[in-house]
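# Coordinate inspection notes
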Amino acid sequence: DVKVTQSSRYLVKRTGEKVFLECVQDMDHENMFWYRQDPGLGLRLIYFSYDVKMKEKGDIPEGYSVSREKKERFSLILESASTNQTSMYLCASSLVWTSRFRETQYFGPGTRLLVL
Amino acid sequence: KQEVTQIPAALSVPEGENLVLNCSFTDSAIYNLQWFRQDPGKGLTSLLLIQSSQREQTSGRLNASLDKSSGRSTLYIAASQPGDSATYLCAVSYTGGFKTIFGAGTRLFVKA
């Protein structure tokens with residue numbers, strides 16, 4: 001079974017702090033994703049990565065950066081946390097996709113971040 | 001703008017009922033559509049994935065249908081059980097780029 005783990009289930013930070021959210025997958029997946037989930041808005045893609053050191057902006061990248069130094073690990077960084085970044089953060093991974101087939105995404109348990 | 005809408009936002013049914021969850025999408029040029037389940041405070045679990053060339057997929061008591069021309073998908077749950085209580089999300093992936101759009105979900109309560 002694919003396992004996607006996230007470093008923290010709950011996190012409380014203060015405005016202006018630098019925040020690191022870590023995600024690790026154990027199935028050698030090429031693609032990794034960071035989403036945030038807010039009530040009534042569904043999941044919104046922040047960044048994704050299709051290979052080591054490669055990254056692409058999603059729909060809402062402002063205020064975030066990412067790092068993928070190793071295939072199994074994808075980090076989301078909040079450079080200076082703000083209260084509007086209080087949210088549930090979900091990491092996902094999937095196998096490489098081709099033009100003919102796109103693999104399902106496997107999700108981690110989520111990190112609920114509160115910025116005070 | 002590509003959007004995915006799920007109706008209703010919340011649903012409460014007695015145990016044993018058959019029920020239908022709805023998902024609509026504005027851009028019909030989809031690549032695939034997926035239904036996920038999310039338990040409170042947890043991540044998402046994939047239930048069913050329908051490729052654009054397919055009309056439906058079935059897994060146990062779950063059946064998902066896809067009608068691209070009308071921009072709709074339904075998730076049918078037969079003989080609902082309290083353990084089915086969760087939020088169900090619809091996600092649409094599009095060709096021509098890496099993009100998956102999620103609906104806001106339908107929160108289901110099945111009462112014993």
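### Let's talk about the interface of chain B and chain A
The interface of chain B with chain A comprises 22 residues on the first partner and 24 residues on the second. Across the interface of chain B and chain A, roughly 1800 Å² is buried in total on both sides, 54% from carbon and sulfur atoms. The interface formed by chain B and chain A includes 0 salt bridges. Secondary-structure elements contributing two or more residues to the side of chain B that touches chain A are strand 4 (30-38), strand 5 (44-51), strand 9 (86-94) and strand 10 (99-102) of chain B. The dominant element in the side of chain B that touches chain A, judged by the number of residues it contributes, is strand 4 of chain B, at 5 residues. Class assignment for the residues of the side of chain B that touches chain A results in 9 nonpolar, 11 polar and 2 charged.

### Focus: the sheet that holds strand 3 (residues 19-25) of chain B
All names here are of chain B. Pairing in this open sheet of 5 strands is antiparallel, and the strands run 1-3-8-7-6 from one edge to the other. In this open sheet, the two edge strands, each paired with only one partner strand, are strand 1 (4-7) and strand 6 (56-59). Along the sheet, successive strands turn relative to each other by an average axial angle of 15°, direction set aside. For strand 1 and strand 3, the ladder comprises 4 bridges, and the chain directions are antiparallel. Each residue of the ladder has a partner; that of Val-4, found in strand 3, is Phe-25.

### Notes on a nonpolar patch on the surface
Residue and element names in this part refer to chain A. Together, Val-12, Leu-114 and Leu-116 give the surface a local cluster of nonpolar side chains, amounting to about 270 Å² of exposed area. Positionally, Leu-114 belongs in strand 11 (residues 111-115). Judged by relative accessible area, which is 38%, Leu-114 ranks as partly exposed.

### Focus: the nonpolar core
Core analysis: the biggest nonpolar cluster contains 24 residues, and Phe25(B), Leu33(B), Trp35(B), Leu75(B) and Val92(B) have the highest contact counts within it. In this structure Phe25(B) touches Glu3(B), Val4(B), Ile30(B), Leu33(B), Leu66(B), Asp67(B), Lys68(B), Gly71(B), Arg72(B), Ser73(B), Val92(B) and Tyr94(B), once residues within four positions along its chain are discounted. Leu11(A), Ile46(A), Tyr64(A) and Cys91(A) belong to the second-largest nonpolar core, a separate cluster that totals 20 residues.

### Looking at the packing of aromatic side chains
The full count for this structure, using the stated rule, is 8 aromatic pairs over all chains. Taking the centre distance of 5.7 Å and the plane angle of 35° together, the rings of Tyr35(A) and Phe107(A) count as tilted. One end of the pair, Tyr35(A), is in strand 4 (residues 31-38); the other, Phe107(A), is in strand 10 (residues 106-107), and 72 residues separate them in sequence. When its relative accessible area of 10% is taken as the criterion, Phe107(A) is described as buried. Between Tyr35(A) and Phe102(B), the aromatic rings sit 5.3 Å apart at their centres with planes inclined by 80°, giving edge-to-face as the arrangement. Here Phe102(B) lies in strand 10 and Tyr35(A) lies in strand 4, a pairing that spans two chains.

### Some points on the environment of Thr15(A)
Residue and element names in this part refer to chain A. Tracing the sequence through the fold places Thr-15 in the loop between strand 2 (10-13) and strand 3 (19-25). Once the C-alpha coordinates of Thr-15 and Val-4 are considered, the two residues, 11 residues apart in sequence, prove to be 28 Å apart. Aside from chain neighbours lying at most four places away, what touches Thr-15 is Ala-81, Ser-82, Thr-83, Val-115 and Leu-116. Reaching out from Thr-15, the side chain makes a polar contact with the backbone oxygen of Leu-116 at a distance of 2.7 Å.

Reading the values: the criteria
Residues numbered from 1 in each chain as written. Chains lettered and ligands numbered in written order. Predicted model: local features only at pLDDT ≥ 70, side-chain atom pairs only at ≥ 80, totals over all residues. Heavy atoms only, no water. Contact = heavy atoms within 4.5 Å. Buried area = accessible area lost by both parts, 1.4 Å probe. Salt bridge = Lys/Arg side-chain N within 4 Å of Asp/Glu carboxyl O. Helix = DSSP H or I, 4+ residues; strand = E, 2+ residues; numbered from the N terminus. Nonpolar A, V, L, I, M, F, W, Y, C, P; charged D, E, K, R; others polar. Pairing = 2+ DSSP bridges. Axes fitted to C-alpha atoms, helices over the stretch in contact; angles between N-to-C directions. Patch = residues over 30% accessible without salt bridge, like charges linked within 9 Å, V, L, I, M, F, W, Y side chains within 5 Å. Areas by Shrake-Rupley, 256 points an atom, 1.4 Å probe, with all protein chains shown as cover. Buried < 20%, exposed > 50% of the residue type's maximum accessible area, 1.4 Å probe, protein only. Core = buried A, V, L, I, M, F, W, Y, C linked by side-chain atoms within 4.5 Å. Phe/Tyr/Trp six-rings, centres within 6.5 Å; stacked < 30°, edge-to-face > 60°. Polar contact = N/O pair within 3.5 Å; in protein donor to acceptor, adjacent residues only side chain to side chain.

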